[in-house]
Amino acid sequence: MSRFILALDQGTTSSRAILFNEQGQPTQVAQQEFRQIYPQPGWVEHDPMDIWSTQYAVAQEVLKKAGVKASDIAAIGITNQRETTILWDRKTGAPVFNAIVWQCRRTADFCRQLRDEGFDKVIREKTGLVTDPYFSGTKVHWILEHVEGVRTRAEAGELAFGTVDTWLIWKLSGGRLHVTDVSNASRTLLYNIHEQKWDEDILARFNVPASLLPEVKPSSMVYGRTDLALFESVIPIAGIAGDQQAATFGQICLEPGMAKNTYGTGCFIVLNTGERHQSSASGLLTTIAWKLGDSIPTTYALEGSVFIAGAAVQWLRDEMNIIQKAADIEGLANSVQTTDGVYFVPAFTGLGAPHWDSQARGIIVGLTRGSNKAHLARAVLESIAFQTADVIDAMNHDSGLKLDTLRVDGGAAANDLLMQIQADILGVTVERPTVTETTALGAAYLAGLATGFYPSLDELAKRWKLNRAFSPRMSADQRESMLAGWRKAVERAKDWVE
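Since the structure is predicted, the reported quantities are computational estimates derived from the model, not experimental observations.

1. Some words on the pattern of salt bridges
No. 1: Per the counting criterion, the structure on display carries 34 salt bridges.
No. 2: Between R105 and D132 there is a salt bridge, with its nearest N and O atoms 2.9 Å apart. Of this pair, R105 sits in the loop between β7 (99-100) and α2 (108-117) while D132 sits in the loop between α3 (119-127) and α4 (136-146), placing them 27 residues apart in sequence.
No. 3: A residue is classified by how much of its surface remains accessible, and R105, at 40% relative accessible area, is partly exposed.
No. 4: Here K126 and D201 are joined by a salt bridge, their closest N and O atoms 2.7 Å apart.

2. Quick notes on unusual backbone geometry
No. 1: Cis geometry marks the peptide bond from A353 to P354; its omega dihedral reads -5 degrees.
No. 2: For P354, the location among the structural elements is in the loop between β19 (343-345) and β20 (363-365).

3. Re the sheet that holds strand β16 (residues 267-274)
No. 1: Taken in spatial order, the 7 strands line up as β17-β18-β16-β15-β21-β22-β23 in an open sheet, and their pairing is mixed. With one partner strand each, in any of the chains shown, β17 (285-290) and β23 (466-470) form the two edges of the open sheet. When strand polarity is set aside, the average angle formed by the axes of neighbouring strands in this sheet is 30 degrees.
No. 2: Pairing analysis gives 5 bridges linking strand β15 (residues 259-263) to β16, with the strands arranged antiparallel. Bridge pairing links A259 to L271 in β16.
No. 3: Against the sheet, helix α9 (residues 243-250) touches β15, β16, β17 and β18 (299-306), its axis set at about 60 degrees to β17.

4. A look at the packing of aromatic side chains
Any pair of aromatic rings gets described here by the distance separating the centres and the angle formed by the planes.
No. 1: Applying the stated criterion across every chain, the model contains 18 aromatic pairs.
No. 2: Ring centres of W52 and Y56 lie 5.3 Å apart, and the angle between their planes is 10 degrees; this geometry places the pair in the stacked category. Taken as a pair, W52 and Y56 lie in helix α1 (residues 48-66) at a separation of 4 residues, close to a single helical turn.
No. 3: Residue Y56 is classed as partly exposed on the basis of its relative accessible area of 21%.
No. 4: Here the guanidinium or amino end of R106 rests over the ring plane of W142, the centre of that ring lying 4.6 Å away.

5. Let's talk about the confidence of the model for the protein chain
No. 1: In the predicted model, the protein chain carries a mean pLDDT of 93, and 100% of its residues have values of at least 70.
No. 2: Predicted confidence in the protein chain is weakest over helix α10 (residues 310-318), with a mean pLDDT of 89, and strongest over helix α6 (residues 164-172), with 98.

Parameters at a glance
Residues numbered from 1 in each chain as written. Predicted model: local features only at pLDDT ≥ 70, side-chain atom pairs only at ≥ 80, totals over all residues. Heavy atoms only, no water. Salt bridge = Lys/Arg side-chain N within 4 Å of Asp/Glu carboxyl O. Helix = DSSP H or I, 4+ residues; strand = E, 2+ residues; numbered from the N terminus. Buried < 20%, exposed > 50% of the residue type's maximum accessible area, 1.4 Å probe, protein only. Pairing = 2+ DSSP bridges. Axes fitted to C-alpha atoms, helices over the stretch in contact; angles between N-to-C directions. Contact = heavy atoms within 4.5 Å. Phe/Tyr/Trp six-rings, centres within 6.5 Å; stacked < 30°, edge-to-face > 60°. Lys NZ or Arg CZ within 6 Å of the ring centre and 35° of its normal. pLDDT = per-residue confidence, 0-100.

If you want it as structure tokens, here you go:
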């Protein structure tokens, strides 16, 4: 009997492998960091072979640490850093260029050109995305235009494009599978989320040959099997989802109106909108959450990103030397009952959703002679909660759904004070699960559903266990007063850089 699901969690700075048992509990973890490449300011690359070698190494390591054979694994599920773009040779499997990472801004001029033409409206309508260097399509265009010989080879059908999930599955299958899932396809800027196919008009404008593109599949199905040379026996590959969609699935946000927030360097808030692809008037992204099989309707979502969350705590630690380690912020902030009117807007790299102001910069306002480091520490935590509230307000407005609970994960979700502040600012209950490895868990669940290892969605819902719920304690008047102050502070931060 197969006893485990192997989840491969390929992130921006490290590759991880986690074994999950039948109860959805992680039993063993392995992790390796890999090199970040910065060719010039604003450019970010990875070596695709580093992505593969570290991911394969941790898969082997986690099996060895657990004393588990490949025959004990029911399936592999994959979750990945989204939007990162790789092109490789179909015969040799050799990359033609480094992976261009989602953070890379090298295509800003091309995006500006598309906006000047008005083509951004076409992109928004068909893909649900904004025209930004963040997404894969403009990165593919850049490689075709700037790497010698690549366009000729692409047009001859010799090359393959993929996001990180596609690259890993190509390598795992020995080059037999060139596939992606709907969640990753919906982040490329090339995929029509309404018709659910690669969009001919966008491909034509980007001058991207259709022969480059992977086949788009549901997020939960058996795509194929690993190459026999990799493990001592073959393992089904059966689940794929981009990291934020996987985390939403791992949090069992299966019904319209359910949402999760991942508190990391930034925040990623995803709201399940069901079978409705809800367009946004508030600067949010409309995206595909998952599709559980060919005959099952697609689930859509609204997504909003906060650029600076945990990174603001790191700033207090590393640049301001106000705390020694990140966890110290909770005790310091808890030493005062309020910020005494101090607001901190962490717009270090501009403001994300729903403001989308790249000219904004970080500010501290409301200082008096009595303001001290504890007030600033509390203001930093409040800024994370306020930014999350801005996104969720936009989601409620766009969707007509009323959020009543927010499920949370990520490193900063361990901070009890922040979670209580979040519940107070939102006026809804915040729920933290016992298993916080929700991204890898989502990939494991998708793979387990496809292979029968996990019997049903109802059974998965039963496996979700609450660690702690944070209920709002703040009065509506106090909440509105604090939000009014926050909105004034944000206005001061906007449009700062000429």
